[in-house]
Amino acid sequence: MRIIRNISFAGLLCMAYGNILAQTIVSSADSLVVSNADLKLSVNSHTGRVNYLFSNGVRLQNTIATIEELNIGKLSSTDFPQHKYSTAPMQDASGKGVTISIIHSDPSRPLKLEQHITVYAQSSHLLLDVQATGDATLETRNISPLTIIPEQQAYLFVPGNAPRILDVPFDNDNWVPVITRQWPSASGMSYEFTSMYNQHNLSGLVTGSVTHDFWKTGFRYGAGKETGRLDSFIVYGGAATADNKSLPPAYGGLDGTHDHAPHGTMKGTTVTSPLIYLAADKDTRKAFTTYGQVNVQLAGRSEWKGNAPFYWNSFGVEGVLGNTKVMMPPGVIKTSDFIATLDNFNKYAPPVLSVDSYDQSIYTTSLLTSLSRYGQKKRQQMGFYFIPFAVWTWKNSLDNPIGGTQTPLSDVVLRDVNRQPIMYKEGDWACYPIDPSHPATRAAIIQQLLKAKAIHATFIKIDFLSAGALESSTRYNHNTRSGMQAYSEGLKMLRSLVDSIMGPDIFITQAISPMFPHQYAHTRFISTDVYSHLRDDQPGFPHWGSTAASLAAGSHMWWMQGTLWPFTNLDVIVMKNFQNNPELNEQEIKVRLYAMMVMGSILGDGSDFRQKTAAERAKKFLNHPAVCAYFSHPVAFTPVSMSDGDTQDQQMTFFRKGDTTLLAMFNFIKDKPFEASWQTADVADKQRYEIRDFMTDAVLGEVSNGQSSFTLTVPAKDALLVKLVPRD
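Cut-offs applied
- Residues numbered from 1 in each chain as written.
- Predicted model: local features only at pLDDT ≥ 70, side-chain atom pairs only at ≥ 80, totals over all residues.
- Heavy atoms only, no water.
- Helix = DSSP H or I, 4+ residues; strand = E, 2+ residues; numbered from the N terminus.
- Rg over C-alpha atoms; globule rule 2.2 N^0.38 Å.
- Buried < 20%, exposed > 50% of the residue type's maximum accessible area, 1.4 Å probe, protein only.
- Contact = heavy atoms within 4.5 Å.
- Areas by Shrake-Rupley, 256 points an atom, 1.4 Å probe, with all protein chains shown as cover.
- Lys, Arg positive; Asp, Glu negative; His and termini not counted.
- Charge placed at Lys NZ, Arg CZ, Asp CG, Glu CD.
- Pairing = 2+ DSSP bridges.
- Right-handed = clockwise from strand over helix to strand, strands pointing away.
- Salt bridge = Lys/Arg side-chain N within 4 Å of Asp/Glu carboxyl O.
- Polar contact = N/O pair within 3.5 Å; in protein donor to acceptor, adjacent residues only side chain to side chain.
- 1 Å grid on protein atoms, 1.4 Å probe; cavity = no way out; pocket = protein on both sides within 12 Å on 5 of 7 lines; lining within 4 Å.
- Points joined across faces, edges and corners; volume = space filled by probe spheres on them.
- Nonpolar A, V, L, I, M, F, W, Y, C, P; charged D, E, K, R; others polar.
- Phe/Tyr/Trp six-rings, centres within 6.5 Å; stacked < 30°, edge-to-face > 60°.
- Core = buried A, V, L, I, M, F, W, Y, C linked by side-chain atoms within 4.5 Å.
- Expected span 1.5 Å × (residues − 1).

### Section: the overall build of the chain
So, point 1. Within the chain, the regular secondary structure consists of 14 helices and 37 strands.
So, point 2. A compact globule built from 728 residues would reach a C-alpha radius of gyration of about 27 Å, and the chain, at 27 Å, matches this within 12%.
So, point 3. Taken along the three principal axes of its C-alpha coordinates, the chain extends 80 × 75 × 50 Å.
So, point 4. Burial status across the chain gives 62% buried among its 728 residues.
So, point 5. Across the chain, the fraction of contacts at a sequence separation of at least 24, relative to all contacts at a separation of at least 6, is 69%.
So, point 6. Split by element, the accessible area of the chain, about 27000 Å² in all, is 49% carbon and sulfur.
So, point 7. Across the chain, the 63 positively charged side chains and the 65 negatively charged ones have centroids separated by 3 Å.

Here's what the structure looks like:
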């Protein structure tokens, strides 16, 4: 064991880095302590437990690492009698610091555990993982670099009188909401990331996986009786959960990984957990932004040059397959003609015509090509829709070949624990997940991309991607051992084919999909399809797909725009009605438009412009000069107050600083106004401002020089978007 007594870590790194760092390391026979301005971390050399105390009061006490090895069973770091540590200087894109290695060993055991914890000198976040090494091959489907359980007298504590636990579903399917849980009864599972924070000041803890090439990462939590305390918190690679329709969707019903088989196993003489980001900050919004940045530092991201795309999508009119014959090709021509009349909508990127989820016997390649040529004459682009890792077909059609190949679907379909074909979506018209590692899947994707190229598409929407991440008891490539590994490799293959077949300047948006890996697309749906009505419980509308639900989810994911993706996608707005749903009023359309703006979404529309009302409203909303200018380079607002709980009665506030600061307020409560006090110093410099309505430019009020705060009010079921215009 390395013994360093009362030596500043700055002194250790001074010669290597040429400057003094605000970091110290102290070692004794009993412990190792590493500190910086944000954190004090201690390792107990007798038990191997690790404690974390952050400057904002967040504490993680008596944490351990664990592994469930298939032959040996479950072992934790405290099951080993020897705990040796060492430290090494490091530097990466996040800065300089030290990596602590803690080796837990026992000469009588066939494996050892080695924890790695990277502490940065001038950052509040850490990176941690654990690996197991054995003389013989090890195999695991459950490995945890950070476990807090009562048996270890362990706990996680977040200060504040209104603590919350952020619970995030694995993907954006089934309209499952992002929710926050409260003490004392909260227990559950969040996927890929989570946060514990105080609702009143947003101080707390953020943690999430930053590697997404093998493990699905789960964050299992159990609240203690004491407010702000978790008695159990297990971060592990190997989350694989089945849907359970007997439970509410966001509480174990539909929020998991939708698996029909256990998580695949990692095998080797060394097996490694996911790499975990851990940060506590007085402002968890800052910690989330850093989390996004660290993901990009490790995996990269897709960049987009020029203006963001504006697009029209047929799904809001026609629905699935086009077999209701509401739109049909002549309707797309009329849509193209109308879009060409919107001068501001056409001012930036050429608008995209996207025919979505269509019957290929109606929308043939030749017909789509003719639509593309028609649009090109009006400075319009063509969009293309396809599903790379799933096949929709009749339930008993497994012997039919998948598109463009001679391979029957039965050879490619993923299979459950009993080796039976999995139905990703059940029904007589069913959706079957297919193996991303199978050559027939690659051949089918190539056929689709050749079709996209033939119609001169520049915009691709890929859908039902979660199917490719499902665990399977069989797989073509035996070296592909988990659903996330197959999905990650499949996305990499897909993006490579897009670039090679269609070229590098193709815009890719993900619809139904896991959050990660992020780097193969330019944007992703924050929630699933959005039908644009105000609330999920609105009479006459579906009990999902509302603006309230989508913005509630988005209010916790704003940080993704500008980190994971150049833009987000809050799906399309509609000017009158979505498919056969009732007609919207203009207030609902305005609220929907503002929601898209504060999320940094690209601008998409799903209206039937053959309807006079839809056309007139499009001229007002879609062709508004300030709206179009904003969506040409959309940037997400920062939330002041996010959604809370799982109710539709949300009141949320956002701001975006700039040459002209923008403030947004949303009131989804049905029967009372929303009044919010804004602290001037938080959103603007100290000078005089006029408060002007974003759409009308009408003066709504004034902020005097030196005025510390001001109040804005929003009526029930409404939203407000204002700009602070400086006055001399």
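### Details of the pairing of strand β26 (residues 457-462)
So, point 1. For β26, a buried count of five out of six residues is recorded, marking the element as mostly surrounded by other parts of the structure.
So, point 2. Bridging between strand β23 (residues 381-386) and β26 involves five bridges; their strand directions are parallel. Counterpart to Phe384 in the pairing with β26 is Ile460.
So, point 3. Where β26 and strand β27 (residues 507-510) come together, four bridges link them in parallel fashion. In the sheet register, Lys461 faces β27, and the bridge partner there is Thr509.
So, point 4. Remark: the β26/helix α9 (residues 483-501)/β27 crossover connection has right-handed handedness.

### A word on the side chain of Asp129
So, point 1. Counting through the fold element by element, Asp129 comes out in strand β10 (residues 125-148).
So, point 2. We note that Asp129 is buried and unpaired, the nearest opposite charge coming from Lys112 at a distance of 14 Å.
So, point 3. Only 2.8 Å separates the side chain of Asp129 from the side chain of His116, close enough to count as a polar contact.

### Observations regarding the sheet that holds strand β22 (residues 352-354)
So, point 1. The strand order β28-β27-β26-β23-β22-β21-β29 describes an open sheet built from seven strands, whose pairing is parallel. Bordering the open sheet on either side are β28 (523-524) and β29 (603-605), each of which pairs with just one other strand.

### Some remarks on empty space enclosed by the protein
Regions of empty space are outlined by a rolling probe, equal in size to a water molecule, passed over the atoms.
So, point 1. All chains considered together, the criterion is met by five cavities of 30 Å³ or more.
So, point 2. Of the pockets and cavities examined, the largest cavity occupies roughly 60 Å³.
So, point 3. Lining the largest cavity are Leu166, Ser195, Tyr197, Thr284, Arg285, Phe288, Ser555, His556, Trp558 and Met642.
So, point 4. Take the lining of the largest cavity: its biggest share by element is three residues, from helix α3 (residues 284-299).
So, point 5. By residue class, the composition of the lining of the largest cavity is five nonpolar, four polar and one charged.

### What to know about unusual backbone geometry
So, point 1. Cis geometry marks the peptide bond from Trp183 to Pro184; its omega dihedral reads 10°.
So, point 2. For Pro184, the location among the structural elements is in the loop between β13 (179-181) and β14 (187-191).
So, point 3. A cis amide bond, omega -5°, links Phe516 with the succeeding residue Pro517.
So, point 4. The phi dihedral of Gln153 falls on the positive side, at around 50°, and the residue is not glycine.
So, point 5. Here Gln153 lies in the loop between β10 and β11 (155-157).
So, point 6. Even without being glycine, Asn174 reaches a positive phi, approximately 65°.
So, point 7. You can see Asn174 is positioned in the loop between β12 (163-167) and β13.

### Structural notes on the packing of aromatic side chains
So, point 1. Enumeration over the complete set of coordinates arrives at 31 aromatic pairs.
So, point 2. Summarising the aromatic geometry, the rings of Phe389 and Tyr487 are spaced 6.2 Å apart at their centres and angled 80° between planes, so their arrangement reads as edge-to-face. Here Phe389 is found in the loop between β23 and β24 (390-394), whereas its partner Tyr487 is found in helix α9, with 98 residues between them in sequence.
So, point 3. We classify Phe389 as buried; its relative accessible area is 0%.
So, point 4. Overall, the relative accessible area of 0% leaves Tyr487 in the buried class.

### A few points about the nonpolar core
The tendency in soluble globular proteins is for nonpolar side chains to be buried side by side.
So, point 1. Formed by 129 residues in total, the largest nonpolar core has its most connected members in Phe193, Leu449 and Phe666.
So, point 2. Apart from the residues lying within four places of it in its own chain, the contact partners of Phe193 are Leu166, Val168, Thr207, Gly208, Phe219, Phe288, Tyr291, Met515, Phe516, Trp559 and Met560.
So, point 3. The next biggest cluster of nonpolar side chains, apart from the first, holds 38 residues, and it includes Phe54, Val158, Leu205 and Phe219.

### What to know about α3
Residues lying three or four places apart along an α-helix face the same way, a consequence of the helix completing one turn every 3.6 residues.
So, point 1. Relative to the 22 Å expected for 16 residues at 1.5 Å per residue, α3 spans 23 Å between its end C-alpha atoms, a close match to the ideal helical length.
So, point 2. Burial in α3 covers these residues: Thr284, Arg285, Ala287, Phe288, Thr290, Tyr291, Gly292, Val294 and Asn295.
So, point 3. A positive phi of about 80° marks Gly300, the residue just after α3.

### Description of the pattern of salt bridges
Pairs can form between side chains of opposite charge whenever their charged atoms are close.
So, point 1. One pass over the structure, following the stated rule, counts 28 salt bridges.
So, point 2. In this structure, Glu139 and Arg481 form a salt bridge, with 3.5 Å as the shortest nitrogen-oxygen distance. In this pair, Glu139 is assigned in strand β10 and Arg481 in the loop between β26 and α9, connecting sequence segments 342 residues apart.
So, point 3. On the basis of relative accessibility, which here comes to 31%, the residue Arg481 falls in the partly exposed class.

### A few points about the environment of Ile387
So, point 1. With respect to the secondary-structure elements, Ile387 resides in the loop between β23 and β24.
So, point 2. Separated by 80 residues in the primary sequence, Ile387 and Ala467 place their C-alpha atoms 9.6 Å from one another.
So, point 3. When neighbours within four sequence positions are excluded, Ile387 is seen to be in contact with Trp392, Asp463 and Phe464.

### Regarding the environment of Arg285
So, point 1. Here Arg285 lies in helix α3.
So, point 2. What makes Arg285 buried here is its relative accessible area of 18%.
So, point 3. Counting along the chain gives 82 residues from Arg285 to Ser203, while the straight-line C-alpha distance between them is 8.8 Å.
So, point 4. Once residues within four sequence positions are removed from consideration, Arg285 is found in contact with Leu202, Trp558, Thr638, Pro639, Val640 and Phe655.
So, point 5. Engagement of the side chain of Arg285 in a polar contact is seen with the side chain of Asp283, the distance being 2.9 Å.
So, point 6. Polar contacts involving the side chain of Arg285 include one to the main-chain carbonyl oxygen of Pro639, which spans 2.6 Å.

### Regarding the layout of surface pockets
So, point 1. Within this model, the largest pocket holds a volume of roughly 1100 Å³.
So, point 2. Lining the largest pocket are 41 residues, with Ile387, Ala390, Val391, Trp392 and Trp429 positioned closest to its centre.
So, point 3. Residue assignment for the lining of the largest pocket shows that the elements contributing at least two residues are β23, β24 and α8 (439-454).
So, point 4. Broken down by element, the lining of the largest pocket gets its largest block of residues, six residues, from α8.
So, point 5. Among the residues forming the lining of the largest pocket, the class breakdown is 22 nonpolar, 11 polar and eight charged.
So, point 6. Surrounding the second largest pocket, 34 residues form its lining, Trp175, Val176, Pro177, Asp536 and Ala549 being those nearest its centre.
So, point 7. Among the elements that make up the lining of the second largest pocket, the one with the highest residue count is helix α10 (residues 547-554) (five residues).
So, point 8. When grouped by side-chain class, the residues that make up the lining of the second largest pocket number 16 nonpolar, 13 polar and five charged.

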